[in-house]
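# Commentary on secondary and tertiary structure
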Amino acid sequence: MASRLEKTVPVVLLLVGAAAGCGGASPSQFAMPEPARGMAVAPDFAGTLWETTGDRPWRSQDGGRSWQPVDGHAGGVGVAFSQFGSEVVGPDGGQRGDYGGHALAYPRQTPGTFISVCSPYHRTNRLYAIDVFGRLWLSADAGGHWARLRASGLPESALAVAAVRGDVTRPDVVYVAAGDDGLWRSRDDGATFRHVADVPDAHAIALTTDDQRLVLVAGDRLYLSTDSGQTLLPVLDRRVDVVAYDPRNHRLAYAAAGNMLLRSVDGGESWP
């Protein structure tokens, strides 16, 4: 028999504080159906929030208050968005769906087992991915074909990738989280990387095209830069698993820790 979370009806989840019996629960803390391996916000009108868990993807169209499972092949660990819709990656390849998360197509083969994927802009077919060996890949056709990038200087411990596009005549800025090896940045479409100081441990990154100066990094603590990574300061004294920005509203930032979702409404400067 399917569990309650596996049914296709919307899963309405109680606020964390309310579930604990607190009458004054924060509107910026919500329960999640499963701990997140990846998280991203779709550039649709609803700002649909996705999480991938290593088992199945979930989506929320109300800022994390309620979640619904996304039908498709199991095993997704990373999610990003192209102009065609969602791209979920995992051990069995890449799956494409719509922004709203109603269903995913059967997986397409990828040249490696991808554990992280991102796009530098919310209406583009350009995707970056990291595989289980820490190698960096690029697709210029929304995941149809992939080419391995040189990524000179990038350590083999690379775990997660994020990218942002500014002026279309200039290269993408690509950030990679490499665990104990910290945070790395490329200013030439991923060809070469340099270490970014001030983060002793990095395992997830979030960027937004709405304010390209913002860099949110999940590490031993949660770090924020408001100057394109020049300075990173702690904004939350706890470890979180994954982070995400709304690509069309830089004030909305999300951080997932276990089964709890935290939401910031001031660009990641303050958290519940």
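Here the structure is a predicted model, which is why all the values come from computation and not from measurement. (Residues numbered from 1 in each chain as written. Predicted model: local features only at pLDDT ≥ 70, side-chain atom pairs only at ≥ 80, totals over all residues. Heavy atoms only, no water.)

## Observations concerning the environment of Thr 208
In this fold, Thr 208 is placed in the loop between strand S18 (202-206) and strand S19 (215-219). Under the relative-accessibility criterion, Thr 208 is labelled buried at 1%. Measuring from C-alpha to C-alpha, the distance between Thr 208 and Asp 198 comes to 21 Å, with ten residues separating the pair along the chain. Setting aside anything within four residues of it in sequence, one finds Thr 208 in contact with Val 164, Leu 214, Tyr 245, Asp 246, Pro 247 and His 250. (Helix = DSSP H or I, 4+ residues; strand = E, 2+ residues; numbered from the N terminus. Buried < 20%, exposed > 50% of the residue type's maximum accessible area, 1.4 Å probe, protein only. Contact = heavy atoms within 4.5 Å.)

## Considerations on the sheet that holds strand S7 (residues 78-82)
If you trace the three strands from one edge of the open sheet to the other, you get S7-S8-S9, paired in antiparallel fashion. Either end of the sheet is taken by a strand with one partner, and the two such strands are S7 and strand S9 (93-97). For this sheet, the mean angle separating the axes of adjacent strands, direction not counted, is 25°. Examined bridge by bridge, strand S8 (residues 85-90) and S9 share five bridges and lie antiparallel to one another. Looking across to S9, one finds that Glu 87 is bridged to Arg 96. (Pairing = 2+ DSSP bridges. Axes fitted to C-alpha atoms, helices over the stretch in contact; angles between N-to-C directions.)

## Points about the packing of aromatic side chains
Within the structure shown, the criterion is met by four aromatic pairs. A ring pair is formed by Trp 50 and Phe 81, whose centres lie 5.8 Å apart and whose planes are at 75°; its orientation type is edge-to-face. Within this pair, whereas Trp 50 is found in strand S4 (residues 49-52), its partner Phe 81 is found in strand S7, the two being separated by 31 residues in sequence. With respect to burial, Trp 50 and Phe 81 carry one shared label: buried. One cation-aromatic arrangement involves Arg 56 over Trp 58; the distance from NZ or CZ to the ring centre is 5.6 Å. (Phe/Tyr/Trp six-rings, centres within 6.5 Å; stacked < 30°, edge-to-face > 60°. Lys NZ or Arg CZ within 6 Å of the ring centre and 35° of its normal.)

## Brief notes about the pairing of strand S12 (residues 136-139)
The alternating pattern of S12 places Leu 136 and Leu 138 and Trp 137 and Ser 139 on opposite faces, both of which are buried. Summarising the sheet, strand S11 (residues 127-131) and S12 pair through four bridges and their orientation is antiparallel. Counted as the bridge partner of Ala 129 is Trp 137 from S12. A loop of four residues connects S11 with S12, the two strands running antiparallel in sequence, and Gly 134 in this loop sits at a positive phi of about 80°. By the bridge criterion, two bridges tie S12 to strand S13 (residues 147-148) in an arrangement that is antiparallel. Within S13, the residue paired with Trp 137 across the bridge is Arg 148.

## Points about the confidence of the model for the chain
Regions with low pLDDT should not have their predicted coordinates read in detail. For the chain, mean pLDDT is 89; residues scoring 70 or higher make up 90% of the total. Every residue in residues 1-25 scores below 50 in pLDDT, and together they form 35 contacts with partners more than four places removed in sequence or on other chains. (pLDDT = per-residue confidence, 0-100.)

## Thoughts on the side chain of Ser 119
Among the structural elements, Ser 119 can be located in the loop between strand S10 (114-118) and S11. Ser 119 gets classed as buried once you look at its relative accessible area, which sits at 18%. Residues within four places of Ser 119 in sequence aside, it is in contact with Ala 80, Phe 81, Thr 124, Arg 126, Leu 127 and Ala 163.

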